Amino acid sequence: MSDRLDQPTDVDVTDDHQARTRARGVARDEGVSNLQALQRVLYRSAKLDPRRRFHALYDKLTRGDVLWQAWVNVATNHGAPGIDGVTIDSVQAGGIEGVRSFLDSLANEVKAQSYRPQPLRRVNIPKAGKPGETRPLGIPSLRDRVLMSAAKLVLEPIFEADFSPASFGFRPKRSAHDALEVIRQSANSGAHWVLDADIKSCFDEIDQDALMALIERRVCDRAMLKLLRSWLRAGIIEGGVYSDISSGTPQGSPISPLLCNIALSVLDEELTKARRQTGKLIRFADDWVVLCPTKERAETARSFAATVLATLGLRLHPDKTRIVNLTKGAEGFDFLGFHNHMCESEKWPGHYYLLKWPSDRAMASIKATVRELTQRRFVGSSLDAVADRLNPALRGWAGYFRLGNSGRKFATLDSYIHQRTAILASNKHGLSGRNWATRFNYGWFTSLGIYRLSGTVGNRSAHALG
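Heads up: these notes are all about the structure in this document. From a predicted model like this one, the values you see are computed outputs, not experimental measurements. (Residues numbered from 1 in each chain as written. Predicted model: local features only at pLDDT ≥ 70, side-chain atom pairs only at ≥ 80, totals over all residues. Heavy atoms only, no water.)

A look at the overall build of the protein chain
Next, step 1: Of regular secondary structure, the protein chain possesses 17 helices and 13 strands.
Next, step 2: In terms of overall dimensions, the protein chain is globule-like: its C-alpha atoms have a radius of gyration of 25 Å, near the 23 Å expected for 466 residues.
Next, step 3: Residues counted as buried form 47% of the 466 residues belonging to the protein chain.
Next, step 4: When the accessible surface of the protein chain is totalled, it reaches about 22,400 Å², and 50% of it is carbon and sulfur. (Helix = DSSP H or I, 4+ residues; strand = E, 2+ residues; numbered from the N terminus. Rg over C-alpha atoms; globule rule 2.2 N^0.38 Å. Buried < 20%, exposed > 50% of the residue type's maximum accessible area, 1.4 Å probe, protein only. Areas by Shrake-Rupley, 256 points an atom, 1.4 Å probe, with all protein chains shown as cover.)

What follows is the structure in structure tokens.
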């Protein structure tokens, strides 16, 4: 009897008639769409029975509402075409009927189980804040991206029921600021030793068999499992040359973050169990830290994490993984774009609290953007046009970093933008130098309508979920 209880139960909780009845009831009673109702049924079923395995999922991919939402998600995210060259604009050129025809064709392939993914188009994109460095990105075709997005809509509620509170990345109702707030609270409560960890080539080196084994803990639909394996093994084309993929997940695809979270859920589970010997884990996708009360426990966390990651075919980056001492501002660490540092209180001398502001890398990244948008080649553009190019980038960047102790960094950036626009204006008028203290002074700068970061810093703390 005990052996049987230890085994997962293969239950068809999404039997067509039962799922429609239950989902329709949820849609009616809770006032949500049919898709949202389906997701809630899947989530609640998974939450109710942690051993339940789901089948009859594959057919949900071809539901009209699922495919349409998948299309909306992909189209909203824009993105470059895959190896077949089919673009979002080319599909939308046919209007609603063109999109429906595209989705119907894809649905028919899936129903007939004749769908086969195309290889990824490999490109190398610049690393933010690291001039000259790039990272590889695999771009699936448009049809593959839409179906991956549909699979994410169906699978995510099931796995979301299992995910740890320590995980914050790419999850509903969780954000980077939630993770940073948990870090702040933990550090201010005495966890002054930090394992600042980095996984070497996480998306490229995940063991595919280990990942599929984790997926099979919850999914026993053979068609769905076959589909997921086909995406993992689709191969890549770079410079016209095809290469097989034997490890990793398709980074750059809609389903990649979910697969990453499924794989690293093992790390969440094991480090949470060992919390009394290590510390508090905070993870955002493949970026994570462990806050510990002592150096010894931080070292234990590093050793323990290395052992767990090895089961997934992963390893800690030897040069980028370090143990940081926060005590009295001795050291700081960067996480999710912010530099985190203990600083002495001006109001209560001798008391230190964790503050955060944009990291050097984040500052270098936005300065590079400003420099690009104010280059000499724009000397023929009006300053109104320059402002129109700058403002969206500045608002987006400031919108994220305003929830921190970012006042000084914002003032520095405002000054830098002033200088760059003054140099551009000087070039337009054939003048040498910046002239930003005389002709193109503060009054002139504020009249341009360029978004100013100073004064936008928010004091509201994110809600701590960990």
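Things to note about the packing of aromatic side chains
Here the distance between the centres and the angle between the planes together describe a pair of aromatic rings.
Next, step 1: Under the criterion given, the structure shown has 8 aromatic pairs.
Next, step 2: With a centroid separation of 5.7 Å and an interplanar angle of 50°, the aromatic rings of Phe-170 and Phe-284 are classed as tilted. Of this pair, Phe-170 sits in the loop between helix H7 (142-160) and helix H8 (176-188) while Phe-284 is found in strand E8 (residues 280-284), placing the two residues 114 residues apart along the sequence.
Next, step 3: A cation over an aromatic ring shows up here: Arg-174 above the ring of Phe-168, its NZ or CZ 4.8 Å from the ring centre. (Phe/Tyr/Trp six-rings, centres within 6.5 Å; stacked < 30°, edge-to-face > 60°. Lys NZ or Arg CZ within 6 Å of the ring centre and 35° of its normal.)

Here's the deal with the nonpolar core
Side chains that are nonpolar tend, in soluble globular proteins, to be buried together.
Next, step 1: Core analysis: the biggest nonpolar cluster contains 80 residues, and Trp-71, Val-146, Leu-155, Ile-215 and Trp-288 have the highest contact counts within it.
Next, step 2: Aside from chain neighbours lying at most four places away, what touches Leu-155 is Leu-57, Val-219, Met-224, Leu-228, Ile-255 and Leu-258.
Next, step 3: By size, the runner-up hydrophobic cluster in this structure holds 48 residues, among which are Ala-285, Leu-383, Leu-390 and Trp-444. (Core = buried A, V, L, I, M, F, W, Y, C linked by side-chain atoms within 4.5 Å. Contact = heavy atoms within 4.5 Å.)

Considering the packing of helix H14 (residues 360-373) against helix H16 (residues 407-428)
How two helices sit against one another is set out by the angle between their axes and by the gap between those axes.
Next, step 1: H16 packs onto H14 with a crossing angle of 20° between their chain directions and a minimal axis gap of 10 Å. In terms of orientation, H14 lies roughly parallel with respect to H16. Remark: the crossing between H14 and H16 carries right-handed chirality. Note on element contacts: H16 touches H14 through Lys-409, Thr-412, Leu-413, Tyr-416, Ile-417 and Arg-420, opposite Asp-360, Met-363, Ile-366, Lys-367, Val-370 and Arg-371.
Next, step 2: Looking at the contact of H14 with H16 residue by residue, the classes come out as 6 nonpolar, 1 polar and 5 charged. (Axes fitted to C-alpha atoms, helices over the stretch in contact; angles between N-to-C directions. Parallel < 35°, antiparallel > 145°, perpendicular 65-115°, else oblique. Left-handed = near helix turned anticlockwise from the far one by under 90°. Nonpolar A, V, L, I, M, F, W, Y, C, P; charged D, E, K, R; others polar.)

Thoughts on the sheet that holds strand E13 (residues 352-358)
Two strands in a sheet stick together by hydrogen bonds in their backbones, pointing the same way (parallel) or opposite ways (antiparallel).
Next, step 1: Taking strand neighbours across the sheet as the criterion, the 3 strands line up as E11-E12-E13 in an open arrangement whose pairing is antiparallel. Single-partner strands in this sheet number two, and they are strand E11 (332-335) and E13. Neighbour to neighbour, the strand axes of the sheet diverge by 30° on average, direction disregarded.
Next, step 2: By the bridge criterion, 7 bridges tie strand E12 (residues 338-344) to E13 in an arrangement that is antiparallel. Along E13, the bridge assignment pairs Cys-343 with Tyr-353.
Next, step 3: H8 contacts E11, E12 and E13 of the sheet and is inclined by roughly 155° relative to E13. (Pairing = 2+ DSSP bridges.)

Focus on the pattern of salt bridges
Next, step 1: All chains considered together, the criterion is met by 21 salt bridges.
Next, step 2: By sharing partners, the salt bridges in this structure join Glu-30, Arg-40 and Arg-44 into a single network. (Salt bridge = Lys/Arg side-chain N within 4 Å of Asp/Glu carboxyl O.)

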